[in-house]
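Residue-level listing of the chains:
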Amino acid sequence: QSLPQRKLLTWLSVLECVEVFAEMGTARMWGEMGRWTIIVLIQLAKAILRLLLLLWYKAGIQTSPPIVPLNREYQQPLHPQGTEESSSRKDQTYIGRRSNRVVRSLQSTPSLQSRHWGSPQQREKSQSQRAEEMNQPPTPLGLQETIAESIYITRPLLHLLSLGVWGQRSWKPWLLSAALDISSLSLLSDLKDLNKRERAELRRRTILLLYYLLRSPFYDRFSEGRILLLLRLLADYVPGVGFVTRPLMDYLPAWQKIYFYNWG
């Protein structure tokens, strides 16, 4: 990735990290008008950054989060710096005489925080697989796939526009957003030879379609009573589940009021 592309990914990641805080803080300071203003500005900025990555830098199917989180377990060097390379391989493992089992020697045992409980060969294999997955280039998108990804990127803006035209109680914004999400996924379903990150992203988008059961007005008219009844039954009749379901019942009304929790 080029330096400008990495900067775009960094700014996009920052926006996704602070969007909920920005919405709640603006609503506290400037009320509903300020809240919807910051929602529109953040969604517009995210759409511009994603379209630049898609059309200018050919980034392909964009994952969420934009920057893959660092896995520190895989970042720990297997061969510590400052040791002699000639004897490091021999000193790190011991092969049993009768069992032929490969175990790590005590001299090469890392600190407790970075200890890996598999054999060095397993760790080397997992590190190499991880490096290959991270370095795989994005799958080139044709015209149909580019249109599908553009639909997915611009869907929040179209949803906000429809909210402004028809209001928050109307079914039209909900139906429009669902149609755009389903259309984007159906157009991308014909794409073959995706890498692991892109397949995981399409699975994530498919699972997120369940959010439409929790989004207003569908939630207000159909889902709310059934979901609360199910959570209450689980809390009353399944031992130990109440520690999770009762706070969840209290949290759902607040979660419904935050746009970026629900629609972002």
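The structure we're discussing is the one just above.
Residues numbered from 1 in each chain as written. Predicted model: local features only at pLDDT ≥ 70, side-chain atom pairs only at ≥ 80, totals over all residues. Heavy atoms only, no water.

Caption draft 1: Broad picture of the side chain of E145. Considering the arrangement of structural elements, one finds E145 in helix α5 (residues 143-166). As a buried residue without a salt bridge, E145 has its nearest oppositely charged side chain in K192, at a separation of 9.8 Å. Here E145 is in contact with L187, L188 and L191, once residues within four sequence places are set aside. (Helix = DSSP H or I, 4+ residues; strand = E, 2+ residues; numbered from the N terminus. Buried < 20%, exposed > 50% of the residue type's maximum accessible area, 1.4 Å probe, protein only. Lys, Arg positive; Asp, Glu negative; His and termini not counted. Salt bridge = Lys/Arg side-chain N within 4 Å of Asp/Glu carboxyl O. Contact = heavy atoms within 4.5 Å.)

Caption draft 2: Local environment of the environment of R35. Structurally, the position occupied by R35 is in helix α1 (residues 3-56). C-alpha of R35 to C-alpha of I258: the two residues are 223 residues apart in sequence and 9.9 Å apart in space. Once you skip the residues sitting within four places of it in the chain, R35 turns out to touch E23, T26, A27, K257, I258 and Y259. At a separation of 3.1 Å, a polar atom in the side chain of R35 contacts the side chain of E32. (Polar contact = N/O pair within 3.5 Å; in protein donor to acceptor, adjacent residues only side chain to side chain.)

Caption draft 3: View of the packing of α5 against helix α6 (residues 172-188). Two numbers describe how α5 lies on α6: the axes approach to 9 Å, and their chain directions differ by 175°. Judged by the inter-axis angle, α5 sits roughly antiparallel to α6. Counting all contacts with α5, which are made through Q144, E145, A148, E149, I151, Y152, R155, L158, H159, S162, L163 and W166, the residues of α6 involved are K172, P173, L176, S177, L180, D181, S184, L187 and L188. A class-by-class count of the residues in the contact of α5 with α6 yields 11 nonpolar, 5 polar and 5 charged. (Axes fitted to C-alpha atoms, helices over the stretch in contact; angles between N-to-C directions. Parallel < 35°, antiparallel > 145°, perpendicular 65-115°, else oblique. Nonpolar A, V, L, I, M, F, W, Y, C, P; charged D, E, K, R; others polar.)

Caption draft 4: Looking closely at the packing of aromatic side chains. Scanning the entire structure with this criterion turns up 11 aromatic pairs. Aromatic side chains Y211 and W255 sit 6.0 Å apart centroid to centroid with 80° between the ring planes, which places their arrangement in the edge-to-face category. In this pair, Y211 sits in the loop between α7 (196-207) and α8 (218-237) while W255 sits in helix α9 (residues 242-257), placing the two residues 44 residues apart along the sequence. The partly exposed category is assigned to Y211, whose relative accessible area is 30%. Among the residues examined, W255 registers a relative accessible area of 10% and is labelled buried. Each residue in the set W171, W174, Y212, F218, F222 and W263 is aromatic and connected to the rest through ring pairs, giving one cluster. Positioned over the ring face of Y152 is R205, at 3.7 Å from the centre of the ring. (Phe/Tyr/Trp six-rings, centres within 6.5 Å; stacked < 30°, edge-to-face > 60°. Lys NZ or Arg CZ within 6 Å of the ring centre and 35° of its normal.)

Caption draft 5: View of the pattern of salt bridges. Following the criterion strictly, the structure yields 9 salt bridges and no others. Here E23 makes a salt bridge to R35, at a shortest N to O gap of 3.0 Å. Residue E23 is classed as buried on the basis of its relative accessible area, which comes to 1%. By relative accessible area, which is 9% here, R35 ends up buried. One connected set of salt bridges, linked through shared partners, spans E149, E201, R204 and R205.

Bear in mind that shape data such as this cannot, by itself, settle questions of function.
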